[in-house]
Each structure stands twice: as structure tokens, then as C-alpha cells.
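Structural description and commentary
Chain by chain, the residues:
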Amino acid sequence: MEVPHRHICYRALQSRDSRFDGLIFVGVTSTGIYCRPICPARTPKYENCRFYGSAAAAQEAGFRPCLRCRPESAPDLASWRGTSNTVSRALALIADGALDREGAGVEALADRLGIGERQLRRLFQQHLGASPILVAQTRRVLFAKQLIHETRMPMTQVALASGFGSLRRFNEVFQALFHRPPRALRRKTSMNEADPETGVSLKLRYRPPYDWDSILRFFQTRAIPGVEIVENGKYLRTIEIDSKVGSIEVIHFREQNSLGLRIRFPDVRSFPTIVARVRRLFDLGADIETIGKHLSTDPFLAPLVARRPGLRAPGGWDGFELAVRAILGQQITVAGARQLAGRLVVIHGVRVPVVKAEHVGLTHVFPTAKAIASDAKLGLPMPKARQEALRALAEAAVADPHLFRPFGSIEESVERLRCIRGVGEWTAQYIALRAIREADAFPATDIGLLRGIATLDGASPTSAALLERAESWRPWRAYAAQHLWAADSKTISPKLRV
């Protein structure tokens, strides 16, 4: 694992340096507890400290989570450690529950990533210091601990929401880790929500800086009527998971370096999936300082990074939804694509009962791939070629439920998408960037990117020249694209605005 030298880690612990929060965890041999570097407890002796690059590694070494600094509250930066894109993809799948479902295992996870099981285990030990199974178990425990601390949910629901198969197993794990039952960890100051139907609130931390205004404008410009609303500094939308319907609300707590997430959903077992999707939607896992330093080595990108140090790469709530948006937006403006998406929702989407929504304006959920694939007429005023592309996309999504999830390398993901009729290189790269969350995706043919680089160089490069230049921006070309798009402020690219 790539952990800073012990002396550096200890100085960070002594000064409670927030820059190391989420990047290192300290295990204290005299107490058997592991903490965040910002823990308010008295600094332990140097010889008693052991430093780890992940909570899972500290837990595997026999340490239990601190009750004061709450490691579950640390920014989730595990996907940015090391240089392994394979580990990043695996962590995204684990966050989606790839190792929690019945019959799931490391071998199946490795197959989805296009590598062998032994190689995947080796990569996890190298970059995280723990096995995939232990990483999944640690996430489960820490999420349960967060629900205990921040909500008033009954323990049975907490156990289900955090992926434990039974209340008995849930109690056994907490008794073994904390030497006390889960109920004993609950604080009197926990939030008073207890009913998932009326709302459960959580805080999701990030590592600053974070350009909240920029990402909120991004979603506001593209908000689909009836599905999404951005108002009063909040983002709201309807959600559907496994045929169940609910809604979410996201707000920003700038002083606490966190987003507030309110979930209204009938099945608590979907909570980890919802939280993972929100993290990707708002790009909370980015180690933006490290990315910025890397991109700033290019003298032309450096001023853009300095101008927008907290610029993130917005994701999509659902892969199929994002892909539909991309096709709808081909060759038209963002307003036109938004209008088409709204009509698609009214015709093919499911209406949401008022009691399940946070806002009266949230009336529908986005249509599923099955709904679009099974309808002979889409009912949209658009060219026949694009309607056929939408239908082909829906049929491909129905045939392959994992179509918009990480699979193999980024090149393999893009190639799989390009096999769909009507999906070209730009569309495939855009879907990889927004939906699959490939940090190295780069739609080099995008007009906005070409104009953005032209504003820096004073010349108009070709797509091939831009792609060649972008080699030095790897493995974070998606963030370079965000800065170039931001630089293209005087003109609007139709494809950029999808």
C-alpha cells in the first residue's frame, strides 16, 4: 500500500491535519482502536501508532472503529488510492452490493472486471491492504454505525439496511468489534427520523474544495420536468429501484464539508445503493487536490484548475437514464433535450404517488429500459434514426443488466457501448464518463472540448491532436474535460449540454 512515511503520518495526526482525512487511518496498539487523523482524542505515543491506507486494512489488523471521530464519517477516498483503475471499478461494484447478494463472490466480481480472482485479491492487498470480502464487510459495519449514530431507525431496519443477513449476525459482529450491543452505540442526539417512508437523513462527507454552485447549476440546467427539481440550493428527484418508488433530497453543508441526504424509500435494503449512487452523482469520492496537482503539471490547464479548484465531474443517477439523455441530446440544445426527456417521462414513465415524493413537482420516475423496449411507438418528435437508437439502447439494457456498470478496461466498456446501433465514439465516451464513472473517459470529438483547448492555445486542434495531448492528463482525463468545458464559456456545445 502507498501510505506516507510514518513521520509524515504522525505529524498529520499531531496537527489533526484535515488534508489527510480519508487518506490514512491510525491504529493505536495501546487501545485497540483505529481513528481518523483529525480525531479529537489525545494524541497517542508515536511507538503505539500503526498507519493504514483504508479502514478495512485497520480492521483486518485487529483494530475497532473509534466512537469519537467515527471513521464511517471520513471522506470515502478509497477509489482514488494508488493507480489501479481495476480497484476503483471493483470498489464501485462493491458499493452497489456486488458482494452482498446471495451467490455473490470474489470470483464473480473478478469475472465482471475481466481479470482473475487471484489478481483481484493481489490488487486489493496492494492498494487497500485488505481483501475484497473484508472491504465489503467493513463498509457494511461502518454504514450500520452511521445509521445508528445519525438516525433513530430501529435496529432491525439498521441491520437490513446495512446488508446483514440477520439481526443475530448483526448483533454478533458489533459485540465482537465494540464489546457492546449495537443499541449501546446510539447517541441521544441522533436525528429523530425513524420511518423510511417519511424520510431518513444522513450526512455524506467529501474532501474539500467542492464547487457546489457549479454542480448544482449543471443539474438545474438539465433537470427533467417531473423527475428532478433544483431550487433553494437543493436537489430533489424521484427514484425507482427494483420496482419500488421513492425520492431523495440533497443539500450542502459547506462548513461541515458534507452533503445532507434525505431518503424517502420503502425498502431500507436499498439504502446502500441509494447512498452509493448519490456519491457518484455528486462525485464525492474524488481526491480533488491530487487530481488538480496532476492536471496542473500542464501549463495550459494550470490556470483553469486554479480558477475552479473544486470542479467535479457530475455523474448520472442511473446508467440507462444517462444514456437516453445522451442520445436525446445529439445535435440539439440542452433545452431541446430537456423538453424531449420530459415528454418521454410523461408517455412512458410511472406516476409517483404524492405521499412518496418530497415535492409536489416530483410526479414521475424515469421510464425503465423494459418500458421503452416494449412500446412500439416512442411518441417523440425526433428523427427516425435517433428513435431507433433509443430502442436499440433499451433492448441492449434489457439484455444486459450490467451494461452501464464497470466491466474490464475503459476501452472495453466503450467498445461494448459502441456495439449498440446509434451509439458512436462520442456518445460511448460520454456515457462512460457520466454513467460508468470512468475517470479517464474523454470524448475527444466534442466541439466544446475543442473550443476549450482553442481558448488556451489560440489555435484550433483536431480531435486526434487533442487526444494525443490528453495522454499526459491520464488517469484523470474526465476532469481535464470538465475544465475545458468550463473554459468554453462564450459558446455552447450541443453535445456538452446533454
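Here goes a summary of the coordinates provided. (Residues numbered from 1 in each chain as written. Predicted model: local features only at pLDDT ≥ 70, side-chain atom pairs only at ≥ 80, totals over all residues. Heavy atoms only, no water.)

1. Brief notes about the overall build of the chain
Here is the rule: In this text, helices come from DSSP runs of H or I with a minimum length of four residues, and strands from runs of E with a minimum of two, each type numbered from the N-terminal end. The size measure is the radius of gyration over C-alpha atoms, and the globule rule it meets is 2.2 Å times the number of residues to the 0.38 power. Buried means the residue's accessible area, taken with a 1.4 Å probe over protein chains only, is under 20% of the maximum for its type, while exposed means over 50%, and partly exposed covers the values in between. Each accessible area is a Shrake-Rupley result for a 1.4 Å probe, and residues are judged covered by the shown protein chains and nothing else. For the purpose of counting charges, residues Lys and Arg are taken to be positive, whereas Asp and Glu are taken to be negative. His and the chain ends are not included. Here the site of a charge means atom NZ of a Lys, CZ of an Arg, CG of an Asp or CD of a Glu.
The number of helices and strands found in the chain is 21 helices and eleven strands. Relative to a compact globule of 498 residues, whose C-alpha radius of gyration would be 23 Å, the chain shows 23 Å and is just as compact. By principal-axis analysis of the C-alpha atoms, the chain measures approximately 70 × 55 × 45 Å. Relative to its 498 residues, the chain shows a buried fraction of 58%. Of the accessible surface of the chain, which amounts to about 20800 Å², a share of 52% is contributed by carbon and sulfur atoms. Taking the average place of the 71 positive charges on the side chains of the chain and the average place of its 49 negative ones, the gap between the two points comes to 5 Å.

2. Considerations on the sheet that holds strand 8 (residues 244–253)
Worth spelling out the cut-off: By this definition, two strands are paired if DSSP reports at least two bridges between them. A fitted line through C-alpha atoms represents every axis, and for helices the fit uses only the stretch in contact; the resulting angles, taken between N-to-C directions, go from 0 to 180 degrees. Any two residues whose heavy atoms approach within 4.5 Å at even a single point are treated as in contact.
The five strands are arranged 5-9-8-7-6 in an open sheet whose pairing can be described as antiparallel. Taken across any chain shown, the strands that pair with only one partner, and hence form the sheet edges, are strand 5 (200–205) and strand 6 (228–231). On average, each strand axis in the sheet is inclined to that of its neighbour by 25°, with strand direction left out of account. Across seven bridges, strand 7 (residues 234–241) lies against strand 8 in antiparallel orientation. Within strand 8, the position partnered with L236 by the bridge is E249. Those strands touched by helix 9 (residues 212–222) are strand 6, strand 7, strand 8 and strand 9 (258–264), and its axis lies near 135° from that of strand 6.

3. A few points about unusual backbone geometry
Going from P208 to P209, the amide bond is cis rather than trans, its omega being 5°. With omega at 5°, the peptide bond leading from R474 into P475 counts as cis. Structurally, P475 can be placed in the loop between helix 20 (463–469) and helix 21 (477–487). Despite not being glycine, D283 has its phi angle at roughly 55°, a positive value. Tracing the backbone through its elements, the reader meets D283 in the loop between helix 10 (271–281) and helix 11 (288–295). Classification of D283 by relative accessible area gives buried; the value is 5%.

4. A short note on the packing of helix 11 against helix 21
Keep this limit in mind: Angle categories: roughly parallel below 35 degrees, roughly antiparallel above 145, roughly perpendicular from 65 to 115, and oblique for all the rest.
With their axes 10 Å apart at the nearest point, helix 11 and helix 21 run at an angle of 75° to one another. Overall, the two elements helix 11 and helix 21 adopt an arrangement that is roughly perpendicular. Between helix 11 and helix 21, the residues in contact are I288, I291 and L295 and Y479, A480 and H483, respectively.

5. Regarding helix 1 (residues 6–14)
Note the following rule: When we speak of the arc, we mean the arc of directions from the helix axis to the C-beta atoms.
Within the sequence span of helix 1, burial applies to C9, Y10, A12 and L13. For helix 1, the arc enclosing every buried residue in end-on projection is 155°, short of the 170-degree limit, so these residues lie on one face. Residues of helix 1 that are buried make contact with strand 1 (25–28) and strand 3 (49–52). Positive backbone phi, approximately 50°, marks R16, located one or two places after helix 1.

6. Considering the pattern of salt bridges
The criterion, for reference: Any Lys or Arg side-chain nitrogen found within 4 Å of a carboxyl oxygen on Asp or Glu counts as a salt bridge.
Per the counting criterion, the structure on display carries 28 salt bridges. A salt bridge links R36 to D21, with the shortest nitrogen-to-oxygen separation between them at 2.6 Å. Remark: D21 occurs in the loop between helix 1 and strand 1 and R36 occurs in the loop between strand 2 (33–35) and strand 3; sequence separation between them is 15 residues. In this structure, the salt-bridge partner of E289 is R207, at a minimum N-O distance of 3.4 Å. Of the two residues, E289 is situated in helix 11 and R207 in the loop between strand 5 and helix 9; the sequence distance between them amounts to 82 residues. Judged by relative accessible area, which is 27%, E289 ranks as partly exposed. Given a relative accessible area of 7%, R207 falls into the buried group.

7. Describing the pairing of strand 6
On any regular strand, side chains alternate: one points to one face of the sheet, the next to the other face. When strand 6 meets strand 7, the two strands line up antiparallel, connected through four bridges. In the strand pairing of strand 7, E228 is matched with R237.

8. Thoughts on the packing of helix 19 (residues 447–457) against helix 21
Between two packed helices, what matters for the description is the angle formed by their axes and the separation of those axes. Note the following rule: Throughout this entry, Asp, Glu, Lys and Arg are counted as charged residues, while Ala, Val, Leu, Ile, Met, Phe, Trp, Tyr, Cys and Pro are counted as nonpolar. The remaining residues, Gly among them, count as polar.
Closest axis-to-axis distance for the helix 19/helix 21 pair is 7 Å, and the angle between their directions is 75°. Put simply, helix 19 runs roughly perpendicular to helix 21. Along its contact with helix 19, which presents G448, L449, G452, I453, T455 and L456, the element helix 21 presents A481, L484, W485 and A487. A per-class count over the contact of helix 19 with helix 21 returns seven nonpolar, three polar and no charged.

9. Looking at the sheet that holds strand 2
Across the sheet, which stays open at both edges, the four strands sit in the order 3-1-2-4 with mixed pairing between neighbours. Each end of this open sheet is capped by a strand with a single partner; those strands are strand 3 and strand 4 (64–65). Pairing between strand 1 and strand 2: three bridges, direction antiparallel. Looking across to strand 2, one finds that V26 is bridged to C35. Each of strand 1 and strand 3 is contacted by helix 1, which is oriented at about 100° to strand 3, the strand it contacts most.

10. Observations concerning the packing of aromatic side chains
Spelled out, the test is: Pairs were defined over the aromatic rings of Phe, Tyr and Trp, the Trp ring being its six-membered one, requiring ring centres within 6.5 Å. Orientation was assigned from the angle between planes: stacked under 30 degrees, edge-to-face over 60, tilted for the rest. Any Lys NZ or Arg CZ that is within 6 Å of a ring centre and within 35 degrees of that ring's normal is treated as a charge sitting over the ring.
Counting across every chain of the model gives 16 aromatic pairs. Seen in terms of ring centroids, F219 and Y235 are 5.2 Å apart; in terms of plane orientation they differ by 45°. Their pairing is tilted. In this pair, F219 is assigned in helix 9 and Y235 in strand 7, connecting sequence segments 16 residues apart. Y235 matches F219 in its accessibility class, with the two residues each being buried. Over the face of the ring belonging to Y46 we find R6, whose NZ or CZ atom lies 4.6 Å from the ring centre. Sitting above the plane of the F253 ring, K203 keeps its charged end 5.2 Å from the centroid.

11. Re the nonpolar core
As a reminder of what qualifies: Here the nonpolar core consists of buried residues drawn from Ala, Val, Leu, Ile, Met, Phe, Trp, Tyr and Cys, with membership extended through side-chain atoms lying within 4.5 Å.
Of all hydrophobic cores here, the largest spans 115 residues; its most connected members are F271, I274, F282, F320, W473 and Y479. Within the second largest apolar cluster, 21 residues are counted, among which are L93, V106, A110 and V135.

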